[in-house]
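Listed here are the chains, written in short residue letters.
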Amino acid sequence: AFTGVYPPGSTFKPFTVVSALEETIINTEETFLCDGGEQVADYYISCHNKWGHGMINAAQSTMHSCNDALMEIAEREGREAFAKYQRRFLFGSLTGVALPGEVPGILMEESQLNDTELATSSFGMSFNTTMIQLGTAFASMVNGGIYYEPHVVKEIRNADGAVIEKIEPRVVRTTVSEETSEFMRDAFYLTVQEGTATAAKVDGYLIGGKTGTAQKLPRSEGKYLVSFIGCAPADNPQVMIYVVVDEAADEE
């Protein structure tokens, strides 16, 4: 969770959306045309829905995990704003979790984010992260925008059971506004109710979340990481769960 790096894939898409919202580059009502893919420089980059999603708004771009809409959003952002928010969410940096061997992940430098790399980065390719990075960043996105330093110890007790040290939450920074956080909580709830993550529904609970698929290198081998990150209850998250399956087996 904190020593291995991997491309996050579509679980990163919400970060592209919120950075554009925070910079007022897009608004929540704005629509984007998905016609199945985009020609970016010398490459045609497909959406997973090759027939296209049609006109969709910012919430639906998350619900349907639309590559085409995300590429359009990232193009409007430009590499400066995109890289700024990668850093704001501490991608490419140590989270400070008190465990040995944490690695910072691998980000492309802002100067290296040409049209193709910016497009693929918008949906979680072309860079690597760790689970603790993405999980902590996601938690800040849904909790109102407060990035807390992750930790694994709640308190330290002596042999008699008395608490000798209590580990208090440490706020690192604010990542997004409460308004943007509320919008994303609604989008994640709709993703589970009507979008790509309906398998995550649990009777009696309000679940929100985002699915992810990332193709491993070399891409010619056709191997993938699949993932899901979610929170509950969706309207006031108290628990976050993140699962990554490396090279999921094809169904027979």
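Residues numbered from 1 in each chain as written. Predicted model: local features only at pLDDT ≥ 70, side-chain atom pairs only at ≥ 80, totals over all residues. Heavy atoms only, no water.

A. Structural view of helix α3 (residues 67–88). Its 22 residues give α3 an end-to-end C-alpha distance of only 23 Å, which falls more than 12% under 32 Å, the value for a rise of 1.5 Å per residue. Of all the bends found along α3, the most pronounced is centred on G78 and spans about 105°. Phi turns positive one or two residues past the end of α3, at L90, with a value near 70°. (Helix = DSSP H or I, 4+ residues; strand = E, 2+ residues; numbered from the N terminus. Expected span 1.5 Å × (residues − 1). Bend = angle between axes of the 7 residues up to and from the residue.)

B. Spotlight on the side chain of T136. Mapped onto the elements, T136 comes out in helix α5 (residues 131–142). A polar atom in the side chain of T136 sits 2.6 Å from the backbone oxygen of I132. Beyond its immediate stretch of four places on either side in the chain, T136 contacts Y147, Y148 and P150. (Polar contact = N/O pair within 3.5 Å; in protein donor to acceptor, adjacent residues only side chain to side chain. Contact = heavy atoms within 4.5 Å.)

C. How the structure looks around the environment of G195. Note on placement: G195 falls in the loop between α6 (178–194) and β9 (208–215). The class for G195 is buried, based on a relative accessible area of 16%. C-alpha separation for the pair G195 and A1, spaced 194 residues apart in sequence, amounts to 27 Å. Beyond its immediate stretch of four places on either side in the chain, G195 contacts M63 and L190. (Buried < 20%, exposed > 50% of the residue type's maximum accessible area, 1.4 Å probe, protein only.)

D. Summary view of the confidence of the model for the protein. Confidence in the prediction of the protein, expressed as mean pLDDT, is 94, and 98% of residues score 70 or more. Put simply, β9 is where the protein has its lowest mean pLDDT, 92, and strand β5 (residues 146–148) is where it has its highest, 98. (pLDDT = per-residue confidence, 0-100.)

E. Local environment of a negative patch on the surface. A cluster of acidic residues, E179, E182, D186 and D235, forms a negative patch at the surface. Relative to the elements of secondary structure, D186 occurs in helix α6. (Patch = residues over 30% accessible without salt bridge, like charges linked within 9 Å, V, L, I, M, F, W, Y side chains within 5 Å. Areas by Shrake-Rupley, 256 points an atom, 1.4 Å probe, with all protein chains shown as cover. Salt bridge = Lys/Arg side-chain N within 4 Å of Asp/Glu carboxyl O. Lys, Arg positive; Asp, Glu negative; His and termini not counted. Charge placed at Lys NZ, Arg CZ, Asp CG, Glu CD.)

F. View of the packing of aromatic side chains. One pass over the structure, following the stated rule, counts seven aromatic pairs. Aromatic pair F12 and F127: ring centres 4.9 Å apart, planes at 70°, arrangement edge-to-face. Taken together, the positions of F12 in the segment before α1 (13–22) and F127 in the loop between α4 (115–122) and α5 put the pair 115 residues apart, joining distant regions of the chain. By the burial criterion, F12 is buried, and F127 matches it. (Phe/Tyr/Trp six-rings, centres within 6.5 Å; stacked < 30°, edge-to-face > 60°.)

G. Looking closely at the side chain of T62. Inspection of the secondary structure assignment puts T62 in helix α2 (residues 58–63). Since its relative accessible area comes to 0%, T62 is described here as buried.

H. Examining unusual backbone geometry more closely. Residues A232 and P233 are joined by a peptide bond in cis, for which omega reads -15°. Its place among the elements puts P233 in the loop between β10 (224–232) and β11 (239–246). A positive phi is found at L90, a non-glycine position, where the angle reads about 70°.

I. Representation of the sheet that holds β11 in the model. Strand order in the open sheet formed by three strands is β9-β10-β11, with antiparallel pairing between adjacent strands. Looking along the sheet, the strands with just one partner apiece sit at the ends: β9 and β11. Each strand axis lies, on average, 10° off the axis of its neighbour in the sheet, ignoring direction. As paired elements, β9 and β10 share eight bridges and run antiparallel to each other. The partner of T213 across the bridge, within β10, is V226. Sheet strands touched by α6: β9 and β10. Its angle to β9, the strand with the most contacts, is close to 75°. (Pairing = 2+ DSSP bridges. Axes fitted to C-alpha atoms, helices over the stretch in contact; angles between N-to-C directions.)

J. Main features of the packing of α3 against α4. At their nearest, the axes of α3 and α4 sit 9 Å apart, and the two run at 115° to each other. Looking at the two axes, α3 sits roughly perpendicular to α4. Viewed along their axes, α3 and α4 form a crossing whose handedness is right-handed. In contact with L70, M71, A74, E75, G78, R79 and F82 of α3, α4 contributes L118, A119, S121 and S122. Split by residue class, the contact of α3 with α4 holds six nonpolar, three polar and two charged. (Parallel < 35°, antiparallel > 145°, perpendicular 65-115°, else oblique. Left-handed = near helix turned anticlockwise from the far one by under 90°. Nonpolar A, V, L, I, M, F, W, Y, C, P; charged D, E, K, R; others polar.)

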